[in-house]
Amino acid sequence: MTDSSTMLSTVQAISAALKDKPGALLPILHGVQDALGYIPSDSVPVIAKALNLSRAEVHGVISFYHYFRETPPGKQTIHLCRAESCQSMGSKQLEGHVKAKLGIDYHETTADGAFSLEPVYCLGNCACSPALQIGADIYGRVSPELFDELIANTEAAA
């Protein structure tokens, strides 16, 4: 969604619908991210005005919680498990390979907009560590070679 007026009207509608809830800022931020895929910087003044907060207060909450994105996500999001079970089975080495292969760090998107990389702290696939998720699909016992194959297949399917 790139049209600024459409984005702003979406943010205004979400803010108006949720502004009277107790602790409305987080539900509004979640609503905006669910609707747009991220929280555009242009939406911060709209949210702040609806809640009678400063822009700094709204931005502070967005930047505090790693869940919230301030940039558009890639076409596919890769969630790499960082929980203890996966770490004990080599996820730290896999993390290094994934970051090098994609040329990005956590909370970033590849230059071509194909992939975003996000940490996750359990995918419930501990018996098959290390695990990762691409889109809705969860993979276990992921080696650097399997990751390369998964990425190649994902790119070919796009």
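Just so it is clear, the structure is predicted and the values come from calculations on it, not from any experiment.

**Concerning the overall build of the protein**
Logical step 1: A tally of helices and strands in the protein yields seven helices and five strands.
Logical step 2: In the protein, the succession of α and β elements from N to C terminus is α-α-α-α-β-α-α-β-β-β-β-α.
Logical step 3: Its C-alpha atoms give the protein principal-axis dimensions of roughly 50 × 30 × 20 Å.
Logical step 4: A total of 158 residues make up the protein; the buried ones form 37% of that total.
Logical step 5: A fraction of 58% describes how many contacts in the protein between residues 6 or more apart in sequence connect residues 24 or more apart.
Logical step 6: Averaging the locations of the 11 positively and 17 negatively charged side chains of the protein gives two centres separated by 5 Å.

**Structural notes on the pairing of strand S3 (residues 115-120)**
Logical step 1: Counted residue by residue, S3 has six buried out of six residues, so it is predominantly covered.
Logical step 2: Because side chains alternate across S3, one face comprises the buried residues Phe115, Leu117 and Pro119, and the other comprises Ser116, Glu118 and Val120, equally buried.
Logical step 3: Relative to S3, strand S1 (residues 76-81) runs parallel, the two sharing six bridges. Residue pairing across strands places isoleucine 78 opposite leucine 117, the latter belonging to S3.

**Let's talk about unusual backbone geometry**
Logical step 1: Residue serine 129 is joined to proline 130 through a cis peptide bond whose omega torsion reads -5°.
Logical step 2: Even without glycine at this site, histidine 107 takes up a positive phi of about 70°.
Logical step 3: By the element assignment, histidine 107 lies in the loop between helix H6 (91-102) and strand S2 (108-109).

**Some words on the layout of surface pockets**
Logical step 1: What the largest pocket holds in volume is close to 330 Å³.
Logical step 2: Forming the walls of the largest pocket are 13 residues, and the residues nearest its centre are Gln33, His66, Tyr67, His79 and Glu118.
Logical step 3: The leading source of residues in the lining of the largest pocket is S3, at three residues.
Logical step 4: Considering only residue class, the lining of the largest pocket consists of four nonpolar, seven polar and two charged.

**What about the pairing of S1?**
Logical step 1: In this structure, S1 lies alongside strand S4 (residues 132-134), joined through three bridges in antiparallel fashion. Residue histidine 79 lies in a different strand from S4, and its bridge partner there is glutamine 133.

**Some points on the packing of aromatic side chains**
Each aromatic ring pair is described using two quantities: the centre-to-centre distance and the angle formed by the ring planes.
Logical step 1: Within the structure shown, the criterion is met by three aromatic pairs.
Logical step 2: Measuring from centroid to centroid gives 4.9 Å for phenylalanine 64 and tyrosine 65, while their planes differ by 90°, and the two rings are edge-to-face.
Logical step 3: Looking at phenylalanine 64, the relative accessible area reads 59%, which means it is exposed.
Logical step 4: When its relative accessible area of 37% is taken as the criterion, tyrosine 65 is described as partly exposed.
Logical step 5: Grouped by ring-pair contacts, the aromatic residues Phe64, Tyr65, Tyr67 and Phe68 constitute a single cluster.

**Observations regarding the pattern of salt bridges**
Logical step 1: Per the counting criterion, the structure on display carries five salt bridges.
Logical step 2: Note that arginine 82 and glutamate 95 form a salt bridge whose closest N and O atoms lie 3.8 Å from each other. Remark: glutamate 95 occurs in helix H6 and arginine 82 occurs in the loop between S1 and helix H5 (84-88); sequence separation between them is 13 residues.
Logical step 3: Assessed through its relative accessible area of 9%, glutamate 95 is described here as buried.
Logical step 4: When salt bridges with common partners are traced through the structure, they connect Arg82, Lys92, Glu95, Lys99 and Asp105 into a single cluster.

**Topic: the sheet that holds S2**
Logical step 1: The strand order across the open sheet built from five strands is S2-S3-S1-S4-S5, with neighbouring strands paired in mixed fashion. Taken across any chain shown, the strands that pair with only one partner, and hence form the sheet edges, are S2 and strand S5 (137-139).
Logical step 2: Against the sheet, H6 engages S1, S3 and S4, with an angle of about 155° to S1.
Logical step 3: Packed on one face of the sheet, helix H7 (residues 144-157) meets S1, S3, S4 and S5 and runs near 10° to S4.

Criteria and thresholds
Residues numbered from 1 in each chain as written. Predicted model: local features only at pLDDT ≥ 70, side-chain atom pairs only at ≥ 80, totals over all residues. Heavy atoms only, no water. Helix = DSSP H or I, 4+ residues; strand = E, 2+ residues; numbered from the N terminus. Buried < 20%, exposed > 50% of the residue type's maximum accessible area, 1.4 Å probe, protein only. Contact = heavy atoms within 4.5 Å. Lys, Arg positive; Asp, Glu negative; His and termini not counted. Charge placed at Lys NZ, Arg CZ, Asp CG, Glu CD. Pairing = 2+ DSSP bridges. 1 Å grid on protein atoms, 1.4 Å probe; cavity = no way out; pocket = protein on both sides within 12 Å on 5 of 7 lines; lining within 4 Å. Points joined across faces, edges and corners; volume = space filled by probe spheres on them. Nonpolar A, V, L, I, M, F, W, Y, C, P; charged D, E, K, R; others polar. Phe/Tyr/Trp six-rings, centres within 6.5 Å; stacked < 30°, edge-to-face > 60°. Salt bridge = Lys/Arg side-chain N within 4 Å of Asp/Glu carboxyl O. Axes fitted to C-alpha atoms, helices over the stretch in contact; angles between N-to-C directions.

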